Amino acid sequence: MKIRKIIDKHIHEIEFLKIARLEKKLISNISNRDILIFDRNIVEIGLIKKLLKKFPKRCIVIKGHEKIKNIYNYSSIIEKIIKLGVQRKTIIYSFGGGTLGDLSGFLASTILRGVEHVMIPTSLLAMVDSSIGGKTGINSKFGKNLIGTFYLPKKVFICSDFLKSLPKREIACGYAEIIKYSLIYSKQLHKLLIKRSNGDINKIIKLSIKSKLKYVSDFREKLKSKNSRAILNFGHTIGHAIENSNFYKGNLKHGEAISLGMILELKISSLLNYYPKRVDNLIEILKKYNLPVDYNKYVNRKTIPSLIKKITFDKKVVNEDINIVLIGKNGGFIKKISIRDLKSILNQIK
Ligand SMILES: NC(=O)c1ccc[n+]([C@@H]2O[C@H](COP(=O)([O-])OP(=O)(O)OC[C@H]3O[C@@H](n4cnc5c(N)ncnc54)[C@H](O)[C@@H]3O)[C@@H](O)[C@H]2O)c1
Ligand SMILES: [Zn+2]
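Being a predicted model, the structure only gives us computed values, none of them experimental. (Residues numbered from 1 in each chain as written. Chains lettered and ligands numbered in written order. Predicted model: local features only at pLDDT ≥ 70, side-chain atom pairs only at ≥ 80, totals over all residues. Heavy atoms only, no water.)

Undergrad: Help me understand unusual backbone geometry, please; the structure alone is not making it clear to me.
TA: Peptide bonds are, in most cases, trans, and in most cases residues other than glycine have a negative phi. Even without glycine at this site, D8 takes up a positive phi of about 45 degrees. Within the secondary structure, D8 sits in the loop between β1 (2-7) and β2 (10-16). Overall, D8 belongs to the partly exposed group, its relative accessible area being 35%. (Helix = DSSP H or I, 4+ residues; strand = E, 2+ residues; numbered from the N terminus. Buried < 20%, exposed > 50% of the residue type's maximum accessible area, 1.4 Å probe, protein only.)

Right, here's the structure in full:
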């Protein structure tokens, strides 16, 4: 099964397949001029072992982690690839989570002014989020993803068999983004999440990708459009502030911080009379998927001032309005809210 979407006149093609079919495809398509980049945590998987054996001189193995997305690493890998030999027809195949995918996409988009990239996401988050939409990038010492390009992979192959070896905590982080899609857009996804049957993972991934693609039709974000990419930030305004606040560094993963951010942003939606249902329903779902729900430790009278500071810094505004994503009867929408009001609402909620 394939999903195709035109983004800025380029075709974004996502194909779903089982590992045996993927293996056949890759073994017959990959050539000796291509480069393969693997996450170290998947090298014991049969398919990867075969590829490492077949193309020993064309493989690079990296341990996926946020820290690999830096300019020094980019520089050393790009020189390594150039030394191995690249041509205009070289294809970069990347197998890994979102960090390895973001870095590989940036490498592919800049080597020889752009060679083709085939992405095989292996974490749940990468399958439903980072491999979709064509954003590549690395971090600057001043912030995340500040260096990067818009560059669509030639193909994305989604194979949920890779999830068998993914740690439980990483699975939960992928679900945080999936639960986000179910709130901003997909009622069908919401129903599947409540049902929680293991057999539904492929359906869940497909509906998540379709939800993300709904909000991605051009590379530059159009705030005015009702399908703006900005709506994908539900849970992320407060979630990011929690994630990045120095007091708790290392404690929370991105998806876990977004879990808390979604609860708070849904509570705001409810307090402002946009969200008609019970916020407790969301809390139940988050718990089911092993995500944290206890935000009091992170958002309380003591921490609110520094969280607000973080939010205004992220959005580059002081004493002004910010755009926040709220949930109404028909899903996600963007609402302007003053920093003062946000502060007072957070103080009411905690
Ligand atoms: N480009 C985009 O549009 C976009 C969107 C969302 C997130 N992102 C980026 O994605 C990154 C997060 O991605 P992530 O959560 O996948 O992180 P990650 O790449 O660090 O992977 C998480 C962990 O899972 C391991 N792993 C991956 N696949 C595995 C498998 N099949 N079996 C066992 N272990 C496996 C990795 O080694 C790593 O330890 C962030 O850097 C974020 O900025 C990008
Ligand atoms: Zn996110």
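Undergrad: Looking at this model, I keep getting lost on the coordination of the zinc ion (ligand 2). Mind explaining?
TA: Six octahedrally arranged donors around a metal ideally form angles of 90 or 180 degrees; four tetrahedrally arranged donors ideally form angles of 109.5 degrees. Protein coordination at the zinc ion (ligand 2): the donors are E177 (OE), H236 (NE2) and H254 (NE2), at 2.0 to 2.2 Å from the metal. Between consecutive donors of the zinc ion (ligand 2), the numbers of intervening residues give the motif E-x58-H-x17-H. Linking E177 in helix α6 (residues 168-184) with H254 in helix α10 (residues 254-271), this pair joins segments that are 77 residues apart in sequence. What makes E177 buried here is its relative accessible area of 1%. (Donors = N, O, S within 2.8 Å, 3.2 Å for Na, K, Ca; no water.)

Undergrad: Looking at this model, I keep getting lost on the site of ligand 1. Mind explaining?
TA: Around ligand 1, the surrounding shell holds 25 residues, and the nearest of these are E66, G98, T99, S123 and S165. For ligand 1, an oxygen atom lies 2.9 Å from a polar atom in the side chain of N41. Against a free-state accessible area of 870 Å², the protein chains account for coverage of 86% of ligand 1. Elements represented by at least two residues in the shell around ligand 1 include exactly α4 (98-110), α5 (124-130) and β8 (143-150). Class assignment for the residues of the shell around ligand 1 results in 5 nonpolar, 11 polar and 9 charged. (Near = heavy atom within 4 Å. Polar contact = N/O pair within 3.5 Å; in protein donor to acceptor, adjacent residues only side chain to side chain. Areas by Shrake-Rupley, 256 points an atom, 1.4 Å probe, with all protein chains shown as cover. Nonpolar A, V, L, I, M, F, W, Y, C, P; charged D, E, K, R; others polar.)

Undergrad: Looking at this structure, how should I read the environment of S270?
TA: Turning to its location among the elements, S270 is positioned in helix α10. Residue classification places S270 among the partly exposed positions, given a relative accessible area of 25%. For the pair S270 and G328, spaced 58 residues apart in sequence, the C-alpha separation works out to 8.4 Å. Apart from residues no more than four positions distant in its own chain, S270 is found in contact with Y275 and V279. (Contact = heavy atoms within 4.5 Å.)

Undergrad: When you look at the layout of surface pockets in this model, what are you seeing that I'm missing?
TA: Once rolled over the atoms, a probe with the size of a water molecule shows which space is left empty. Considering only enclosed or pocket space, the second largest pocket measures out at about 400 Å³ in volume. Along the walls of the second largest pocket sit 16 residues, with I171, Y175, N198, I201 and Y289 positioned nearest its centre. Listing elements by their share of the lining of the second largest pocket, those giving two or more residues are α6 and α8 (201-214). In terms of residue count, the dominant contributor to the lining of the second largest pocket is α6 (4 residues). Tallied by class, residues from the lining of the second largest pocket come to 7 nonpolar, 4 polar and 5 charged. (1 Å grid on protein atoms, 1.4 Å probe; cavity = no way out; pocket = protein on both sides within 12 Å on 5 of 7 lines; lining within 4 Å. Points joined across faces, edges and corners; volume = space filled by probe spheres on them.)

Undergrad: Looking at this structure, I do not really get the sheet that holds strand β5 (residues 91-96). What am I missing?
TA: The strands that make up a sheet pair up through hydrogen bonds in the backbone, lying either parallel or antiparallel. As summarised here, the arrangement of the 7 strands in space is β1-β2-β9-β6-β5-β3-β4, forming an open sheet in which the pairing is mixed. Two strands bound the open sheet, and with one partner strand each, they are β1 and β4 (59-62). The mean inter-strand angle of the sheet, taken between neighbouring strand axes irrespective of direction, is 15 degrees. Sheet topology note: the β1/β2 ladder contains 6 bridges and is antiparallel. Bridging across to β2, I6 finds its partner in I11. Strands in contact with helix α1 (residues 19-29) are β2, β5, β6 (116-121) and β9 (155-158); relative to β9, the strand with the most contacts, it is inclined by about 145 degrees. The sheet contacts of helix α2 (residues 46-54) involve β3 (35-39), β4 and β5, and relative to β3 the element is tilted by about 140 degrees. (Pairing = 2+ DSSP bridges. Axes fitted to C-alpha atoms, helices over the stretch in contact; angles between N-to-C directions.)

Undergrad: Would you explain the domain arrangement of the chain in this entry?
TA: Note on interface size: it is often stated as the accessible area lost on association of the parts. Examined at the domain level, the chain breaks down into domain 1 (2-165) and domain 2 (168-349). Computed from C-alpha atoms alone, the centre-to-centre distance between domain 1 and domain 2 is 27 Å. Contacts between domain 1 and domain 2 engage 23 residues on the former and 25 residues on the latter. Looking only at domain 1, the three residues that lose the most surface to domain 2 are L124, V128 and F150, adding up to 28% of its buried area. Across the contact surface, domain 1 and domain 2 share 1 salt bridge. Every element with two or more residues in the side of domain 1 that touches domain 2 is listed here: β1, β2 and α5. Considering only residue class, the side of domain 1 that touches domain 2 consists of 14 nonpolar, 5 polar and 4 charged. (Domains from an automatic or database assignment. Buried area = accessible area lost by both parts, 1.4 Å probe. Salt bridge = Lys/Arg side-chain N within 4 Å of Asp/Glu carboxyl O.)

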